[in-house]
Amino acid sequence: MKFVENDCCELKSILTKDIKKEIIAFANTNGGKIYIGIDDNSNIIGIDNIDDNLQSLTGMINEGIKPSLIEYAQIKTEKYDNKDVIIVDIQSGPNKPYYLADKAKEE
């Protein structure tokens, strides 16, 4: 399978806190998918410590994005080339605009 970044698909080699911005962007527009464990050149790197990463990702979505987006973000794992990849499928959210929770505290 060939992975290509476009308006509705983002590739991330690792999970970082910046992923919240990508999730918000998709939720505020037409939705999209983020593949974590695939680099910008479509190389499948895979994710180690899959359970820890899933827990971190769920926490970021639950606590880092307002209003709540958890029911509009489906998280699953799939194996490609025998490597674990996390897929975040974000729907266009009904409660726009979504924003970073820590930005609200600064105001």
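In short, a report on the structure. (Residues numbered from 1 in each chain as written. Predicted model: local features only at pLDDT ≥ 70, side-chain atom pairs only at ≥ 80, totals over all residues. Heavy atoms only, no water.)

Cis geometry is adopted by the peptide bond preceding Pro-67, which originates at Lys-66 and carries an omega value of -20°. At the junction of Lys-96 and Pro-97, the peptide bond is cis and its omega measures out at 0° in the coordinates. With respect to the helices and strands, Pro-97 occurs in the loop between strand 5 (83-90) and strand 6 (99-100). For Ser-42, which is not glycine, the phi torsion reads 70° and is therefore positive. As for its position among the elements, Ser-42 is in the loop between strand 2 (32-36) and helix 2 (50-64). Here the phi dihedral of Asn-82 falls at roughly 65°; this positive angle occurs in a residue that is not glycine. Positionally, Asn-82 belongs in the loop between strand 4 (73-80) and strand 5. (Helix = DSSP H or I, 4+ residues; strand = E, 2+ residues; numbered from the N terminus.)

The subject of this paragraph is the packing of helix 1 (residues 19-28) against helix 2. Contact geometry of helix 1 with helix 2 gives a least axis separation of 10 Å together with a crossing angle of 60°. Classified by the interaxial angle, the pair formed by helix 1 and helix 2 is oblique. Where helix 1 crosses over helix 2, the two elements pack in a sense that is right-handed. Residue-level inspection shows Ile-19, Lys-20 and Ile-23 of helix 1 in contact with helix 2, the latter providing Leu-57, Met-60, Ile-61 and Gly-64. Among the residues making up the contact of helix 1 with helix 2, the classes are represented as five nonpolar, one polar and one charged. (Axes fitted to C-alpha atoms, helices over the stretch in contact; angles between N-to-C directions. Parallel < 35°, antiparallel > 145°, perpendicular 65-115°, else oblique. Left-handed = near helix turned anticlockwise from the far one by under 90°. Contact = heavy atoms within 4.5 Å. Nonpolar A, V, L, I, M, F, W, Y, C, P; charged D, E, K, R; others polar.)

Shape is all these values report; function is a separate question.
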